[in-house]
Amino acid sequence: MRFHTRKWVKPEDLNANGTLFGGRVLSWIDEEAALYSIVQLESKKVVTKYISEINFMSTAVKGDVVEIGIEVIKFGHTSISLNCEVRNKMTHESIVTVDNIIMVNLDEKGNPAPHGKTKIEYVKDRLAKKEGEQEKS
């Protein structure tokens, strides 16, 4: 799994027990899944369709650093399916896993729209593609 984002656990991220609030983690996961999908699909209109069972396994406390990792499970016609792991960088324990997050690409009217993607692309791949297009001109 590639870990894309780190978050610093601050006092406002804690629950009444003094540990990382589950709702905050879910917000971070949803945001990271959206950002990842927007970049992969090269579309600004991507929304969360589905989040599967969420498994909380450990926690974090104020001052800890957590990492959020996203992997692509598959590309659909209008969607991208991801899985996610959030881990505590300080303790190396997995905090949460989510087996399936489905993000859907939308058209200008808010309806599901084909995105035309079939595989993960990295910035270097996109830059190489653009250089190849310029050479053909």
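Residues numbered from 1 in each chain as written. Predicted model: local features only at pLDDT ≥ 70, side-chain atom pairs only at ≥ 80, totals over all residues. Heavy atoms only, no water.

- By the naming in an unreviewed UniProt entry, the protein chain goes by Acyl-CoA thioesterase and is assigned to Flagellimonas ochracea.
- Among the UniProt annotations of the protein chain, the heading Sequence similarities (unreviewed entry) holds the following wording: "Belongs to the acyl coenzyme A hydrolase family." (UniProt positions renumbered as here; feature names shortened; annotations may be inferred.)

1. A few points about the overall build of the protein chain
Part 1 of the reasoning: Helix and strand counts for the protein chain stand at two helices and six strands.
Part 2 of the reasoning: Start at the N end of the protein chain and walk to the C end: the helices and strands fall as β-α-β-β-β-β-β-α.
Part 3 of the reasoning: Counting only C-alpha atoms, the protein chain reaches 60 × 30 × 25 Å along its principal axes.
Part 4 of the reasoning: When the 137 residues of the protein chain are sorted by exposure, 36% land in the buried category.
Part 5 of the reasoning: Partitioning the intrachain contacts of the protein chain with sequence separation of at least 6 by distance along the chain shows that 67% fall at a separation of at least 24.
Part 6 of the reasoning: Accessible area of the protein chain: about 8,400 Å², with a carbon and sulfur share of 51%.
Part 7 of the reasoning: Computing the positive centroid from 20 side-chain charges and the negative centroid from 20, the protein chain places the two 4 Å apart. (Helix = DSSP H or I, 4+ residues; strand = E, 2+ residues; numbered from the N terminus. Buried < 20%, exposed > 50% of the residue type's maximum accessible area, 1.4 Å probe, protein only. Contact = heavy atoms within 4.5 Å. Areas by Shrake-Rupley, 256 points an atom, 1.4 Å probe, with all protein chains shown as cover. Lys, Arg positive; Asp, Glu negative; His and termini not counted. Charge placed at Lys NZ, Arg CZ, Asp CG, Glu CD.)

2. Things to note about the nonpolar core
Part 1 of the reasoning: Counting 25 residues, the largest nonpolar core has Leu82 and Val86 as the members making the most contacts within it.
Part 2 of the reasoning: Sorting the residues of this core by element identifies helix H1 (22–41), strand S4 (65–75), strand S5 (79–88) and strand S6 (94–105) as the ones contributing at least two each.
Part 3 of the reasoning: Of the residues forming this core, the biggest block, seven residues, is contributed by H1.
Part 4 of the reasoning: Setting aside anything within four residues of it in sequence, one finds leucine 82 in contact with Ala33, Tyr36, Ser37, Ile70, Glu71, Val72, Ile73, Asp99, Asn100, Ile101 and Met103. (Core = buried A, V, L, I, M, F, W, Y, C linked by side-chain atoms within 4.5 Å.)

3. Some thoughts on H1
Part 1 of the reasoning: When the terminal C-alpha atoms of H1 are compared, their 28 Å separation across 20 residues agrees well with the 28 Å that a helix rising 1.5 Å per residue should span.
Part 2 of the reasoning: The complete set of buried residues in H1 reads Val25, Trp28, Ile29, Glu32, Ala33, Ala34, Tyr36, Ser37, Gln40 and Leu41.
Part 3 of the reasoning: Just past H1, the residue glutamate 42 takes up positive phi, approximately 55°. (Expected span 1.5 Å × (residues − 1).)

4. Things to note about the environment of histidine 77
Part 1 of the reasoning: Note on placement: histidine 77 falls in the loop between S4 and S5.
Part 2 of the reasoning: Distance in space between the C-alpha atoms of histidine 77 and histidine 115 is 6.8 Å, their sequence separation being 38 residues.
Part 3 of the reasoning: Setting aside chain neighbours within four positions, we find histidine 77 in contact with Ala113, Pro114 and His115.

5. A word on the UniProt feature "domain: HotDog ACOT-type" (unreviewed entry) in the protein chain
Part 1 of the reasoning: Listed under "domain: HotDog ACOT-type" (unreviewed entry) in the UniProt record, and renumbered for this structure, are residues 1–109.
Part 2 of the reasoning: For residues 1–109, the helix share is 18%, the strand share is 45%, and the end-to-end C-alpha distance is 34 Å.

6. Concerning the side chain of aspartate 64
Part 1 of the reasoning: In this structure, aspartate 64 sits in the loop between strand S3 (54–56) and S4.
Part 2 of the reasoning: Of the side chains with opposite charge, lysine 62 comes closest to the buried, unpaired aspartate 64, at an N-O distance of 11 Å.
Part 3 of the reasoning: At 2.9 Å, the side chain of aspartate 64 forms a polar contact with the side chain of asparagine 88. (Salt bridge = Lys/Arg side-chain N within 4 Å of Asp/Glu carboxyl O. Polar contact = N/O pair within 3.5 Å; in protein donor to acceptor, adjacent residues only side chain to side chain.)

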